[in-house]
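# Structural overview
Residue-level listing of the chains:
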Amino acid sequence: EDQVTQSPEALRLQEGESSSLNCSYTVSGLRGLFWYRQDPGKGPEFLFTLYSAGEEKEKERLKATLTKKESFLHITAPKPEDSATYLCAVSSGAGSYQLTFGKGTKLSVIP
Amino acid sequence: ETGVTQTPRHLVMGMTNKKSLKCEQHLGHNAMYWYKQSAKKPLELMFVYNFKEQTENNSVPSRFSPECPNSSHLFLHLHTLQPEDSALYLCASSPYPAGASTDTQYFGPGTRLTVL
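As a starting point, this report considers the structure included with it. (Residues numbered from 1 in each chain as written. Chains lettered and ligands numbered in written order. Predicted model: local features only at pLDDT ≥ 70, side-chain atom pairs only at ≥ 80, totals over all residues. Heavy atoms only, no water.)

In terms of regular secondary structure, chain B is built from zero helices and 11 strands. Going from N to C terminus, chain B has its helices and strands arranged as β-β-β-β-β-β-β-β-β-β-β. Taking 2.2 N^0.38 as the reference for a compact globule, 116 residues should give roughly 13 Å; the C-alpha atoms of chain B span a radius of gyration of 14 Å, in line with that estimate. Overall, chain B is about 40 × 30 × 30 Å in size when its C-alpha atoms are taken along their principal axes. By residue count, 48% of the 116 residues in chain B fall in the buried class. Across chain B, contacts joining residues at least 24 apart in sequence account for 54% of those joining residues at least 6 apart. Of the accessible surface of chain B, which amounts to about 5400 Å², a share of 50% is contributed by carbon and sulfur atoms. (Helix = DSSP H or I, 4+ residues; strand = E, 2+ residues; numbered from the N terminus. Rg over C-alpha atoms; globule rule 2.2 N^0.38 Å. Buried < 20%, exposed > 50% of the residue type's maximum accessible area, 1.4 Å probe, protein only. Contact = heavy atoms within 4.5 Å. Areas by Shrake-Rupley, 256 points an atom, 1.4 Å probe, with all protein chains shown as cover.)

Here's what the structure looks like:
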């Protein structure tokens, strides 16, 4: 059974204070690892898909990296508008279309 | 209108009511999904439709009944729900059929359901 663990559960940062969110996973053959951003009362917004260890993707202040056991979402010089819950999910196995999600990390960026 | 839309955005219903949630995707995708999101829990996959055919039912109680008339529309019919069914119900779609190399799913805004 696929498992996804995100840490920390909550993170408070001062504006401009860079940090990283962690997503540890256990799967039987990773097909893809996904990062989403979710604002309160809204649906998850797609950020990145990573497919293999060593892969990196960037979007504005966000950078996602992937190893064989975990993924990091690095946030550089965050702004208050980056405040949201960040969700990590994995898909695995041949023919799989199911995503297994973690509980998320709630990020608060204080001005 | 673009992306994935859901109506209504908020719904309050009694345990004896019957209601339906609607999802429409404007992305030309072939797979659609229903998820349940409860506080402090990960998203739970409920149903998967691939080319209008249901391909997954994750042990969801029969008081939830999905319907997919075509690849662009998905419904979730609700009847005799329980208070613990109160949650955010999310619809998603993906651009490839099941088994393809990429599984990126795109979500709608959700319906906040409260069962009294």
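Moving on to the pairing of strand E8 (residues 70-75) of chain A. Residues and elements named next belong to chain A. Residues Ser71, Leu73 and Ile75 of E8 are buried on one face, while the alternating residues Glu70, Phe72 and His74, pointing to the opposite face, are not. Relative to E8, strand E7 (residues 62-66) runs antiparallel, the two sharing five bridges. Paired with Lys63 across the strands is His74, a residue of E8. In textbook terms, the turn of a hairpin is the stretch between consecutive antiparallel strands, and for E7 and E8 this stretch comprises three residues. (Pairing = 2+ DSSP bridges.)

Residues and elements named next belong to chain A. Among the secondary structure elements, Leu47 is positioned in strand E5 (residues 45-50). For the pair Leu47 and Leu11, spaced 36 residues apart in the sequence, the C-alpha separation amounts to 19 Å. Non-local contacts of Leu47, meaning those with residues more than four positions away in its chain, are made with Trp35, Tyr36, Arg37, Lys59, Leu62 and Tyr86.

Now for the layout of surface pockets. Put simply, the largest pocket is a space of about 840 Å³. If you go around the largest pocket, you meet 32 residues; those closest to its centre are Thr85, Lys103 and Lys106 of chain A together with Gln37 and Lys40 of chain B. Mapped onto the lining of the largest pocket, the elements with two or more residues apiece are strand E1 (3-7), strand E9 (84-92) and strand E11 (105-110) of chain A together with strand E9 (87-94) of chain B. Element by element, the count of residues in the lining of the largest pocket is highest for E11 of chain A, at four residues. Looking at the lining of the largest pocket, its residues break down into 12 nonpolar, 13 polar and seven charged. Looking at the second largest pocket, its volume works out to about 250 Å³. For the lining of the second largest pocket, the class distribution of residues is seven nonpolar, three polar and three charged. (1 Å grid on protein atoms, 1.4 Å probe; cavity = no way out; pocket = protein on both sides within 12 Å on 5 of 7 lines; lining within 4 Å. Points joined across faces, edges and corners; volume = space filled by probe spheres on them. Nonpolar A, V, L, I, M, F, W, Y, C, P; charged D, E, K, R; others polar.)

Taken together, the contacts link 21 residues of chain A with 27 residues of chain B. Together, the buried faces of chain A and chain B total about 1800 Å²; carbon and sulfur atoms form 53% of this surface. Taken together, chain A and chain B are joined by zero salt bridges. Applying the counting criterion to the chain A and chain B interface returns five residue pairs in polar contact (both at pLDDT 80 or more). (Buried area = accessible area lost by both parts, 1.4 Å probe. Salt bridge = Lys/Arg side-chain N within 4 Å of Asp/Glu carboxyl O. Polar contact = N/O pair within 3.5 Å; in protein donor to acceptor, adjacent residues only side chain to side chain.)

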